[in-house]
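So you can see what is in the structure, the chains are spelled out below.
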Amino acid sequence: MGSHRHAQDVKKLTALGVRSVLNCAPTEHPRPSSYTAAGIQYKEIFARDDDAYPLIQSHLAEVRTFAGGALDRGDGGVLLHSDGSSWSAVASGSSKALH
């Protein structure tokens, strides 16, 4: 997992073997144009990071599908990118479901 600052550093992502980025805050942090040239798979999920939003019910299946595809391709890493902390629950649930 990482912040928008991590997701913007394409050189470091590729050095670490990260080949998939799931952007959970695309309205605040749009896709870097350099992802395509670097071969990074990219997906946007439009969600709110507040206590009233049904985050897991609304997006867990999407996260699992994207992360599962990354693992199937042998991408070597998936970076979940968001400003909020509630995404850690989605990431954790997705990770446990895939292992």
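Residues numbered from 1 in each chain as written. Predicted model: local features only at pLDDT ≥ 70, side-chain atom pairs only at ≥ 80, totals over all residues. Heavy atoms only, no water.

(A) Broad picture of the nonpolar core. Core analysis: the largest hydrophobic core is formed by 8 residues, namely A7, V10, L13, V18, V21, Y35, I40 and Y42. If sequence neighbours within four positions are ignored, V10 has contacts with S34, Y35, A38 and I40. With 5 residues, the next largest nonpolar core counts C24, I45, V63 and F66 among its residues. (Core = buried A, V, L, I, M, F, W, Y, C linked by side-chain atoms within 4.5 Å. Buried < 20%, exposed > 50% of the residue type's maximum accessible area, 1.4 Å probe, protein only. Contact = heavy atoms within 4.5 Å.)

(B) Geometry of the pairing of strand β1 (residues 20-23). On β1, burial covers both faces: S20 and L22 on one face and V21 and N23 on the other are all buried. Strand direction decides the pairing type here: β1 and strand β2 (residues 41-44), joined by 4 bridges, are parallel. The residue of β2 that forms the bridge with L22 is K43. (Helix = DSSP H or I, 4+ residues; strand = E, 2+ residues; numbered from the N terminus. Pairing = 2+ DSSP bridges.)

(C) Highlighting the side chain of H59. By secondary structure assignment, the location of H59 is in helix α4 (residues 55-73). Exposure remark for H59: the relative accessible area of 6% places this residue in the buried category.

(D) Spatial organisation of the environment of A25. For A25, the position within the fold is in the loop between β1 and α3 (34-38). A C-alpha to C-alpha distance of 8.5 Å links A25 and H4, two positions 21 residues apart in sequence.

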